[in-house]
Amino acid sequence: MRSQLLLAILPFTQAIRIVQSNDDGWAEINIRTFFDTLSKAGHDVVLSGPAENQSGTSSSDAAPTTVDSDGCEFSSCPSGSPPTGANATNPRLNYVNSFPVTSIKTGIDTTGPKIWNGGKAELATTGPNVGSNIGIQVPFSGTVGAAVFAAHDRQIPAIAFSGKSGDPTAWDQPTPLYSKVYADLALNITSRIISSGTPYLPNDVWLNVNFPDVSSTKCSNTNQFQFILTRINTGVFSEKDTEWCGTDRLPTETSVSLKSGCYVSISVGDAADKTTVDAARQKEVLAKLQPILSCLP
Ligand SMILES: *[C@@H]1O[C@H](CO)[C@@H](O)[C@H](O)[C@H]1NC(C)=O
Ligand SMILES: *[C@@H]1O[C@H](CO)[C@@H](O)[C@H](O)[C@H]1NC(C)=O
Ligand SMILES: *[C@@H]1O[C@H](CO)[C@@H](O)[C@H](O)[C@H]1NC(C)=O
């Protein structure tokens, strides 16, 4: 009976172990909204984010230290708290008083396996970042830095999400519309990658995903969005991209972000150097994402 039930449920849920981090801090509402969304979808999620805002800290890494006299961001932990800690009632919500890379590393190496009975993260997601991470911003982003650490240093497929709308907001404030929309779109992409089967992404690859502005009058509903395969940097002197939408040169994240539609850019990043990956690995990702991708008009 039980196995019949499992068989009936599995094709739809495919619950996996996901480690989450960001650079805006563990108590920022975007990461919490996405945590709730992933958890409701049935995934086994552990959040391990910085105690403070660590925006723009790229791939820095340092041993966590005792929380200073200001406490964690948005008063989410008191001054003098230990270098790492968890929400008092939910052990899946964790802060690390250091950089984004240190935070996701702690989640992958220590906190996750403790909660998963020794299990390992199957996918890493970072963000949604407050603000875009496109083109020349990518190398500086802590949200990207954490995803790249997971993909490159721990061989865990990783997706970095960033959203153009919104300001830093505490987790216990009412959930803004953009935060909800970004979490739902991020779940859509995450679910597509999971249902495409393992390996979820090619070796040493992360996805750099950017959501456009969301407001009550524009791009307010997830079914208005289109997903566009992009490249991070301009490709004038680069090798060809994979063939898609009738050309071998993908649009840049920046060019897509300047268009007025509800376009989400998805770039296939090389976790070895944070640039656009080669055409062969783009093609593998294209095959996985194709059911949800559109071409620009
Ligand atoms: C900790 O979790 C509880 C229960 O989910 C919640 O009410 C509280 O706001 C959380 N605090 C922080 C700092 O995450
Ligand atoms: C973090 O700091 C950056 C710049 O230092 C700022 O632009 C951003 O709004 C801050 N984010 C949060 C969550 O406080
Ligand atoms: C995901 O996005 C695609 C493309 O916009 C859409 O067709 C599909 O219905 C979405 N799936 C879910 C589960 O939201």
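Residues numbered from 1 in each chain as written. Chains lettered and ligands numbered in written order. Predicted model: local features only at pLDDT ≥ 70, side-chain atom pairs only at ≥ 80, totals over all residues. Heavy atoms only, no water.

**Focus: the state of the cysteines**
Per the counting criterion, the structure on display carries three disulfides. Disulfide pairing is shown between Cys72 and Cys77; the S-S distance is 2.0 Å. Judged by the sign of its S-S torsion, about 75 degrees, the bond between Cys72 and Cys77 is right-handed. Take Cys72 and Cys77: they sit in the same class, and that class is buried. Covalently, Cys219 is tied to Cys262 through a disulfide, its sulfur atoms 2.1 Å apart. Looking along the S-S bond of the Cys219-Cys262 disulfide, the torsion reads about -90 degrees, which is the left-handed sense. Of this pair, Cys219 sits in the loop between β7 (205–211) and β8 (226–230) while Cys262 is found in the loop between α6 (253–257) and β9 (263–270), placing the two residues 43 residues apart along the sequence. Each member of the pair Cys219 and Cys262 is classed as buried. (Disulfide = S-S within 2.5 Å. Buried < 20%, exposed > 50% of the residue type's maximum accessible area, 1.4 Å probe, protein only. Helix = DSSP H or I, 4+ residues; strand = E, 2+ residues; numbered from the N terminus.)

**With respect to the site of ligand 2**
As a structural note, the neighbourhood of ligand 2 is formed by Asp24, Asn53, Ser55 and Pro168. Here the shell around ligand 2 is built from residues that sort into one nonpolar, two polar and one charged. (Near = heavy atom within 4 Å. Nonpolar A, V, L, I, M, F, W, Y, C, P; charged D, E, K, R; others polar.)

**Remarks on the nonpolar core**
If you look at the biggest cluster of nonpolar residues, it comprises 52 residues, and the most contacted ones within it are Ile189, Leu207, Val209, Phe211, Val264 and Ile266. Counting residues per element, this core draws most heavily on helix α5 (residues 177–195), at ten residues. Residues within four places of Ile266 in sequence aside, it is in contact with Ile189, Leu207, Asn208, Val209, Phe227, Ile228, Leu229, Thr230, Leu289 and Leu293. Formed by 22 residues, the second largest nonpolar core is a distinct cluster that contains Trp116, Val144, Ala147 and Ile156. (Core = buried A, V, L, I, M, F, W, Y, C linked by side-chain atoms within 4.5 Å. Contact = heavy atoms within 4.5 Å.)

**As for the site of ligand 3**
Close to ligand 3 lie Asn188, Phe225, Phe227 and Ile292. Side-chain polar atom of Asn188 to an oxygen atom of ligand 3: 2.4 Å apart, as the coordinates give it. Contact with the protein chains covers 36% of the free accessible surface of ligand 3, which is 360 Å². Taken together, the residues of the shell around ligand 3 break down into three nonpolar, one polar and no charged. (Polar contact = N/O pair within 3.5 Å; in protein donor to acceptor, adjacent residues only side chain to side chain. Areas by Shrake-Rupley, 256 points an atom, 1.4 Å probe, with all protein chains shown as cover.)

**Some thoughts on the UniProt feature "domain: Survival protein SurE-like phosphatase/nucleotidase" (unreviewed entry) in the protein chain**
Per the UniProt record, the feature "domain: Survival protein SurE-like phosphatase/nucleotidase" (unreviewed entry) sits at residues 18–222. Structurally, residues 18–222 is divided into 29% helix and 19% strand, and its ends, taken at the C-alpha atoms, are 23 Å apart. (UniProt positions renumbered as here; feature names shortened; annotations may be inferred.)

**Considering the packing of aromatic side chains**
Inspection of the entire model under this criterion finds five aromatic pairs. With a centroid separation of 5.5 Å and 80 degrees between ring planes, the pair formed by Phe34 and Phe161 is classed as edge-to-face. Placement of the pair is Phe34 in helix α2 (residues 29–40) and Phe161 in strand β6 (residues 158–163), with a sequence separation of 127 residues. Taking the relative accessible area as the measure of exposure, Phe161 reaches 0% and is therefore buried. With a centroid separation of 5.9 Å and 5 degrees between ring planes, the pair formed by Phe161 and Phe211 is classed as stacked. Pair noted here: Phe161 is in strand β6 and Phe211 is in strand β7, with a separation of 50 residues, a long-range link. Neither residue differs from the other here; Phe161 and Phe211 are each classed as buried. Pairwise contacts between aromatic rings join Phe34, Phe161, Tyr178, Tyr182 and Phe211 into one cluster. Cation over ring: Arg32 sits above Trp26, and NZ or CZ is 4.7 Å from the ring centre. (Phe/Tyr/Trp six-rings, centres within 6.5 Å; stacked < 30°, edge-to-face > 60°. Lys NZ or Arg CZ within 6 Å of the ring centre and 35° of its normal.)

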